[in-house]
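The lines below spell out each chain.
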Amino acid sequence: MYDPVQLRTFLTVAQTLSFTQAAGRLGVRQSTVSQHVRRLEDATGRPLFVRDTHSVELTEDGEALLGFARTILEAHERAAAFFSGTRLRGRLRFGASEDFVLTRLPEVLEGFRHEHPEVDLELSVELSGTLHERLDAGRLDLVLAKRRGRGDERGRLVWRDRMVWIGAEGLRLDPERPVPLIVFPPPGITRARALEVLERDGRAWRIACTSGSLSGLIAAARAGLGVMAHTRGLIPPGLVRVGGLPELGPVEFALLQGHRPTPAAEALAGAILSGGDRLSRPA
């Protein structure tokens, strides 16, 4: 039998790819995280992570355990909720970044709705910058969005990745001409990052397409209008990484609660954190 506590630790490390960040999210020591992973590796008889002083990556067996761990934890949480007799009610205003439109976030929300049918869930899909503004204004209760940049440690880290340049296969950029950009409108965090790194590198640029819809940006990119900055783990079909441009750096997605946390918001946050590995995979 696999210990749910150890499985939760394993999922958290898999989502953050950091023993330190996992310890911070779980509120335990880093040595405790290492111990949980080691005991789980002993129980499975397989190495689950490849790690050195600079990086942490899942092994093939670690990838295989992700689905099992999530299923076990979901069953555990359903049983706990059933026998505790608690029934959540009320309104929950949840905001999700455009980045998750094409991921398996709907599966997480569907499971939450099934478990808590008396919660009135209102979903808003916006740019991360807009979601931060609406949360600060008290118009949302829970937000899943990009962190604003270096030094922003608000909320609970859900997933860390890198941003890359993507475009249509076969797209060629002329180094003598401005980089054609496909971007969200302000206050898009991805847009700001793209412009910042190009200007810091001294590269000229021009806006080839602006859209508030991720689907619109993808369509423009597939048509070969230019390049767009995007999360490495969520590259849409029909698009590929484009080289020859400055590095965009890491990106972090976090869960942030409003000024007055509610039991419903905490329950949905728990469901998202438990199923966070789904968010790093296209639907």
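Residues numbered from 1 in each chain as written. Predicted model: local features only at pLDDT ≥ 70, side-chain atom pairs only at ≥ 80, totals over all residues. Heavy atoms only, no water.

S.K.: For this particular structure, what's the right way to read the pairing of strand E8 (residues 205-210)?
M.R.: The side chains of a regular strand alternate between both faces of the sheet. Both strand E7 (residues 179-183) and E8 contribute to a ladder of 5 bridges, which runs parallel. Residue pairing in the sheet places Ile 182 in a bridge with Cys 209 of E8. Taken together, E7, helix H7 (residues 189-200) and E8 form a β-α-β motif whose crossover is right-handed. (Pairing = 2+ DSSP bridges. Helix = DSSP H or I, 4+ residues; strand = E, 2+ residues; numbered from the N terminus. Right-handed = clockwise from strand over helix to strand, strands pointing away.)

S.K.: What's the story with the packing of aromatic side chains in this structure? I'm lost.
M.R.: We describe a pair of aromatic rings using the distance from one ring centre to the other and the angle between the two ring planes. Enumeration according to the criterion identifies 4 aromatic pairs in this entry. Relative to Phe 253, the ring of Trp 159 has its centre 5.2 Å away and its plane inclined at 15°; by these criteria the two rings are stacked. Of this pair, Trp 159 sits in strand E6 (residues 156-168) while Phe 253 sits in strand E11 (residues 250-257), placing them 94 residues apart in sequence. Take Trp 159 and Phe 253: they sit in the same class, and that class is buried. (Phe/Tyr/Trp six-rings, centres within 6.5 Å; stacked < 30°, edge-to-face > 60°. Buried < 20%, exposed > 50% of the residue type's maximum accessible area, 1.4 Å probe, protein only.)

S.K.: Hey, could you run me through helix H6 (residues 128-136) in this one?
M.R.: Because an α-helix completes one turn every 3.6 residues, residues spaced three or four positions apart along the sequence face the same direction. Burial of H6 is extensive: 7 of the 9 residues sit out of reach of the surface. Of all the residues in H6, the buried ones are Ser 128, Gly 129, Thr 130, Leu 131, His 132, Arg 134 and Leu 135. Contacts from the buried residues of H6 go to strand E3 (90-97), strand E4 (119-126), strand E5 (142-146), H7 and E11. One or two residues past the end of H6 sits Gly 138, with phi positive at roughly 80°. (Contact = heavy atoms within 4.5 Å.)

S.K.: Can you walk me through the packing of helix H1 (residues 4-16) against helix H3 (residues 30-44) in this structure?
M.R.: The geometry of H1 relative to H3 is characterised by a closest axis approach of 9 Å and an angle of 110° between their N-to-C directions. Accordingly, the angle class assigned to the pair H1 and H3 is roughly perpendicular. Two secondary-structure elements touch here, H1 through Val 5, Gln 6, Leu 7, Thr 9, Phe 10 and Val 13 and H3 through Val 33, His 36, Val 37, Arg 39 and Leu 40. Residue classes in the contact of H1 with H3 are distributed as 7 nonpolar, 3 polar and 1 charged. (Axes fitted to C-alpha atoms, helices over the stretch in contact; angles between N-to-C directions. Parallel < 35°, antiparallel > 145°, perpendicular 65-115°, else oblique. Nonpolar A, V, L, I, M, F, W, Y, C, P; charged D, E, K, R; others polar.)

S.K.: Looking at this structure, how should I read a nonpolar patch on the surface?
M.R.: Side chains of Val 101, Leu 102, Leu 123 and Val 125 sit close together on the surface and give an oily, nonpolar patch of about 300 Å² of accessible area. On the secondary structure map, Val 125 appears in strand E4. Owing to a relative accessible area of 36%, Val 125 belongs among the partly exposed residues under this scheme. (Patch = residues over 30% accessible without salt bridge, like charges linked within 9 Å, V, L, I, M, F, W, Y side chains within 5 Å. Areas by Shrake-Rupley, 256 points an atom, 1.4 Å probe, with all protein chains shown as cover. Salt bridge = Lys/Arg side-chain N within 4 Å of Asp/Glu carboxyl O.)

S.K.: How do you make sense of the side chain of Arg 93 when you look at a structure like this?
M.R.: Here Arg 93 shows up in strand E3. Judged by relative accessible area, Arg 93 falls into the buried class, the value being 19%. At 3.5 Å, the side chain of Arg 93 and the backbone oxygen of Arg 139 are in polar contact. Those residues in contact with Arg 93 that lie beyond four places of it in its chain are Glu 122, Gly 138, Arg 139, Leu 140, Asp 141 and Leu 142. (Polar contact = N/O pair within 3.5 Å; in protein donor to acceptor, adjacent residues only side chain to side chain.)

S.K.: In this structure, what is going on with the nonpolar core? I would like to understand it.
M.R.: Generally speaking, nonpolar side chains in soluble globular proteins are found buried as a group. Core analysis: the biggest nonpolar cluster contains 39 residues, and Phe 94 and Trp 165 have the highest contact counts within it. Those elements giving two or more residues to this core turn out to be E3, helix H5 (105-115), E5, E6, E7, H7, E11 and helix H9 (263-274). It is H9 that contributes the most residues to this core, 6 residues altogether. Ranked by size, the runner-up nonpolar core spans 19 residues in total, among them Leu 11, Ala 22, Leu 40 and Ala 69. (Core = buried A, V, L, I, M, F, W, Y, C linked by side-chain atoms within 4.5 Å.)

By themselves, these observations are geometric and do not establish any function.
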